[in-house]
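# Tertiary structure, described
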Amino acid sequence: GDMNPKVTHRVQRIVARSEHLLGMVREYLDLANIEGGELKMRNYRDLDLTSEIVKPMLEMQQTAAEKQDMTIKLDVPPTPVNVKGDPGLLRIVATNLLSNAIKYGNENGRIDVEIFPTCQGARLSVRNEGPGFPKSEIPNLFRKFSRVNTPELIKKRGTGVGLYTVWRVVKLHGGRIRAESEQGKWAKFIVDLPVSNEE
């Protein structure tokens, strides 16, 4: 039947989130083929990293951030930041980095998300205020089933496959990912992706 605009908006958000979650299930099942080298990009195309990838995933994570009284600041240029890639797989990258920033960040802390073009393509960085990790742990971050072995982080639930998945997807796109941290203060993950091909 008829719904007032406020209810209609809420229902539309529920439908959009449900469709997104169904898509994520399919994408994660696809990622199970990584080890066999069977993972394929279904929809490899030019896309805007800001509007198609990061902003929708930020909205998905907003409730979790609010529960922790976290503030998310998004810093993006006024024009599109174009890359070449599969939007479904790149959303997995953004979701993992954002959810980790919330999960391992300080309550009442801040998360900085930045997107900007580079000479080679585009860069996405996600930084949180939190316990961070020692430099000695950085080489292990992107290994399968590896978890940072510090008292503050080991108590958090995790499988040790999220960052490994991110690394594999970024590598599939011809990009690179790295991590920086000041232990006891902050952690930052930086993703560089190739620029969109203009033909």
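Here, every reference points to the structure presented above.
The sections below set out a description of the structure shown in this document. Model, not experiment: these values are computed from the prediction.

Hydrogen bonds between backbone atoms are what pair the strands of a sheet, whose relative direction is either parallel or antiparallel. Spatially, the five strands line up as an open sheet ordered β2-β4-β5-β7-β6, and their pairing is mixed. Two strands lie at the open edges of the sheet, namely β2 (71-75) and β6 (176-182), each paired on one side alone. Here the strands of the sheet are splayed against their neighbours by 15° on average, with no regard to which way each runs. The pairing of β6 with strand β7 (residues 186-194) spans seven bridges and is antiparallel. Across the sheet, the residue bridging to Glu180 is Lys188, located in β7. This element, helix α3 (residues 87-103), spans β4 (110-117), β5 (121-129), β6 and β7 of the sheet and lies at about 20° to β5.

Once that is clear, we can look at the pairing of β4. The two faces of the sheet receive side chains in turn, since in a regular strand these alternate between them. The pairing of β2 with β4 spans five bridges and is parallel. Paired with Asp75 across the strands is Glu114, a residue of β4. Two strands pair when backbone bridges link them, and β4 and β5 are joined in this way by seven bridges, in the antiparallel orientation. Bridged to Asp112 within β5 is Arg127. Where β4 hands over to β5, the hairpin turn is made up of three residues, counted between the paired strands.

About the thresholds
Position labels on residues start from 1 in each chain and follow its written sequence. Residues qualify for local features only when their pLDDT is at least 70, as the model is predicted, and side-chain atom pairs are given and counted only at 80 or more; totals for whole chains, interfaces and linings, by contrast, use all residues. Each side-chain value is derived from all of the structure's non-hydrogen atoms; neither hydrogens nor water enter the calculation. Strands are labelled as partners when DSSP assigns at least two bridges between them. The helix count covers DSSP runs of H or I at least four residues long, the strand count covers runs of E at least two residues long, and both are numbered beginning at the N terminus. Angles run from 0 to 180 degrees between N-to-C directions of axes, and those axes are lines fitted to C-alpha atoms, restricted for helices to the stretch in contact. Working rule for contacts: check all heavy atoms of both residues, and any pair within 4.5 Å makes them a contact.

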